[in-house]
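Structural features, examined
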Amino acid sequence: NGNNIQNIIEDEEMDEELDEEIVDDESMNSDDIEESNENIDKKLRELNAKRKSNQRQVFDEIYDQEKINKGSDKKSKNQTEIEEEKVLETAKRLAELRKKRNKEEFGEDGELSRVTLEGFRQGLYVRIVISNVPLEFCQNFHPQLPVIVGG
């Protein structure tokens, strides 16, 4: 933070120096104006170079500090990764056990016996035949709009 304040002060001093060099164009001839412009350009390049180097230093300091902090946090990250892996492994084992139980219970019939015992699962498409449908339903039916049955 101290370096940043010092950098800002130096930048302001450079700006003041540039302001002092700018002179009215009427009192100067064309060679003097070109020379003045070259000096101003040179000062601007120096100012920009200083600003870039200051920004680079600040970035490097922050980056180095983050690297140091990451090195100390590696142990705790490894522990959390290990815990997450354990949770994932247990979830996978539970899913495999569930599949195995379903195969044993429903046997070779699989989906058909499951539907007869449990009913239709959520998300399955079902074809329903309805008899004695009112005329208004047939006249106002739009195949693009779904008909929700049950609910």
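Attention here is on the structure that accompanies the text. (Residues numbered from 1 in each chain as written. Predicted model: local features only at pLDDT ≥ 70, side-chain atom pairs only at ≥ 80, totals over all residues. Heavy atoms only, no water.)

1. A look at the overall build of the protein chain
Regarding its fold elements, the protein chain presents four helices and zero strands. Across the protein chain, helices and strands are ordered from the amino to the carboxyl terminus as α-α-α-α. Each of the 151 residues in the protein chain was classed as buried or not, and the buried ones make up 7%. Of the contacts made within the protein chain by residues no fewer than 6 positions apart, 46% connect residues no fewer than 24 positions apart. Total accessible area on the protein chain stands at roughly 14,300 Å², and carbon and sulfur atoms take up 51% of it. (Helix = DSSP H or I, 4+ residues; strand = E, 2+ residues; numbered from the N terminus. Buried < 20%, exposed > 50% of the residue type's maximum accessible area, 1.4 Å probe, protein only. Contact = heavy atoms within 4.5 Å. Areas by Shrake-Rupley, 256 points an atom, 1.4 Å probe, with all protein chains shown as cover.)

2. Quick notes on unusual backbone geometry
Keep in mind that most residues, glycine aside, have a negative phi and that most peptide bonds are trans. Even without a glycine there, the phi angle at Asn132 is positive, about 55°. The residue Asn132 is located in the loop between helix 3 (111-118) and helix 4 (135-139) in this model. For Asn132, a relative accessible area of 78% gives the class exposed.

3. A closer look at a negative patch on the surface
A grouping of Asp31, Asp32, Glu34, Glu35, Glu38 and Asp41 is seen on the molecular surface, where their side chains present a negatively charged patch. Mapped onto the secondary structure, Asp31 falls in helix 2 (residues 30-106). Taking the relative accessible area as the measure of exposure, Asp31 reaches 54% and is therefore exposed. (Patch = residues over 30% accessible without salt bridge, like charges linked within 9 Å, V, L, I, M, F, W, Y side chains within 5 Å. Salt bridge = Lys/Arg side-chain N within 4 Å of Asp/Glu carboxyl O. Lys, Arg positive; Asp, Glu negative; His and termini not counted. Charge placed at Lys NZ, Arg CZ, Asp CG, Glu CD.)

4. Structural notes on the packing of aromatic side chains
Following the criterion strictly, the structure yields two aromatic pairs and no others. Centroid distance Phe59 to Tyr63: 6.1 Å. Interplanar angle 20°. Geometry classified as stacked. Residue Phe59 and its partner Tyr63 are both found in helix 2; the two are separated by four residues, about one turn of the helix. With a relative accessible area of 53%, Phe59 lands in the exposed category. (Phe/Tyr/Trp six-rings, centres within 6.5 Å; stacked < 30°, edge-to-face > 60°.)

5. Concerning the environment of Phe120
As for its position among the elements, Phe120 is in the loop between helix 3 and helix 4. Apart from residues lying up to four places away in sequence, Phe120 is in contact with Val115 and Val126.

6. Thoughts on a nonpolar patch on the surface
Nonpolar side chains collect at one region of the surface, where Phe120, Leu124, Val126, Ile128, Ile130, Val133, Phe137, Phe141, Val147 and Val149 lie side by side and expose about 920 Å² of accessible area between them. Locating Val147 in the fold gives a position in the segment after helix 4.

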